[in-house]
Amino acid sequence: MAETAAGTAQAAHATAFGTRVAHIGPSNAEPVKAVAVKCPEGTWPYAAGGAVNYEQAGNGGAALTAIVPSVEAGAVLVTATAPQGLTANWSLVAFAVCSSNMQPVLVVGKGIGTARAACPSDQGLVGVGFHVAGDPAISHLAGVDINPHVTAVEVTASGPGGVEAEVTALAVCRLGVVSSQLEHASNDGAGWPKFVSRQDDNEDLRPWATGAKVTGPAEATLDAIVPAGEGGVSWARGTLFGGYAPPAAFASEDEDDNDGDGSLTLETGLIGTFH
């Protein structure tokens, strides 16, 4: 695996309850990358995210393989893999929304093909993470799906070997979540990659945990899931691993997909008040 790059971003974006920091790793053509971002001293990671940065037009097709928040380390680790034969430079960015408000609890769930992690009954979900083991050409991320009550996350793998993949789901949980709701934004337009974002600037409900999911061909996966920073904008991007283009006759099983080549949905957990 490529050497992990770690650091705290110099440019941080404050939210109502926390600060989003980001760190970008080296730009090169290495096929496997890992990058970590540390929260400022005295804070813990709540929301976590990662994004592949393609550095020339037409490049694409890499897959996020893990977004792992660590309360103990006060950091978020992100990993990604590019398709075999990629020669263009690319880089990886890790994101963390950090807060000094209260130390959260990390709940870990493991499974084959899918995994679920749920917060204790007296806690709410403030962040999510995942890991899908193995070669993304065989099994890769299809979804980081937050439940409607914003208390649990389910991670699903796809690809030829997706049903046999080792999957880990991570839930970052916190006491004192008084009110919460889940919001969605979707893109089912033609073509890949697909991009979707949403802005949540309501002072009474702030964005924290951020997930996303794709439907469509077996190669569909996620190369960006980014929690909100300044301005309340969260976003996600779906791609086809290896840059595979599905045939025009491809038929999606997604009833909400209007053009038949799949969809991308962004999920944002909004939280009202911390006690």
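Position numbers for residues start from 1 in each chain and track the written sequence from start to end. Side-chain atom pairs in this predicted model are given and counted only at pLDDT of 80 or more, local residue features only at pLDDT of at least 70, and totals for whole chains, interfaces and linings cover all residues. Side-chain numbers come from the whole structure's heavy atoms, not from hydrogens or water.

K.L.:
Give me the sheet that holds strand β17 (residues 206-215): which residues, what numbers.
P.N.:
When DSSP locates at least two bridges between a pair of strands, those strands are taken to pair. Put simply, DSSP marks the helices as runs of H or I at least four residues long and the strands as runs of E at least two long, and each gets a number from the N terminus on. Reading across the sheet, the six strands line up as β10-β13-β12-β17-β20-β15 and stay open at both edges, with antiparallel pairing between neighbours. Among the strands making up the open sheet, the edge pair consists of β10 (114-118) and β15 (180-187). Direction aside, neighbouring strands of the sheet carry axes that sit 25° apart on average. As paired strands, β17 and strand β20 (residues 263-271) are joined by eight bridges and run antiparallel to one another. Its bridge partner being in β20, Gly211 is matched across the sheet by Glu267. In this description, a line fitted to the C-alpha atoms serves as the axis of each element, helices being fitted only across the stretch in contact, and the angle between N-to-C directions of two axes falls anywhere from 0 to 180 degrees.

K.L.:
Describe the pattern of salt bridges, listing the residues and the values that go with them.
P.N.:
Each salt bridge in this description consists of a side-chain nitrogen of Lys or Arg and a carboxyl oxygen of Asp or Glu lying within 4 Å of one another. Under the criterion given, the structure shown has five salt bridges. Residues Asp261 and Lys194 are paired through a salt bridge, measuring 3.2 Å at the closest nitrogen-oxygen approach. Here the residue Asp261 occupies a position in the loop between β19 (233-240) and β20, and Lys194 occupies one in strand β16 (residues 194-199), the gap between them amounting to 67 residues. With a shortest N-O distance of 2.5 Å, Asp200 and Arg198 are connected by a salt bridge. Relative accessible area decides the class of each residue, using a 1.4 Å probe on protein chains only: under 20% of the type maximum gives buried, over 50% gives exposed, and in between gives partly exposed. By relative accessible area, Asp200 is classed as buried at 7%. For Arg198, a relative accessible area of 16% translates into the label buried. Three or more residues are tied together by salt bridges with common partners; here these are Asp145, Lys213 and Glu267.

K.L.:
Describe the packing of aromatic side chains, and please don't skip the residues or the numbers.
P.N.:
Each aromatic pair joins two rings of Phe, Tyr and Trp (for Trp, the six-membered one) with centres within 6.5 Å, and gets the label stacked for planes under 30 degrees apart, edge-to-face for over 60, and tilted for any other angle. Under the defined criterion, the tally for this structure stands at two aromatic pairs. Their ring planes at 50° and their centres at 5.3 Å tell us that Tyr46 and Trp208 sit as a pair that is tilted. In this pair, Tyr46 is assigned in strand β5 (residues 44-54) and Trp208 in strand β17, connecting sequence segments 162 residues apart. Residues Tyr46 and Trp208 agree in their burial class; the two are buried. Taking 5.5 Å as the distance between ring centres and 35° as the angle between the ring planes, the aromatic pair formed by Phe195 and Trp235 counts as tilted. Taken as a pair, Phe195 in strand β16 and Trp235 in strand β19 lie far apart in primary sequence, 40 residues in all.

K.L.:
Describe the environment of Val196, and please don't skip the residues or the numbers.
P.N.:
When you line up the elements, Val196 lands in strand β16. In sequence terms Val196 and Ser186 are ten residues apart; their C-alpha atoms lie 6.3 Å from each other. Every residue in contact with Val196, bar those within four places of it in the chain, is listed here: Ala185, Ser186, Asn187, Ser234, Trp235, Ala236, Leu264 and Leu266. Any two residues whose heavy atoms approach within 4.5 Å are treated as being in contact.

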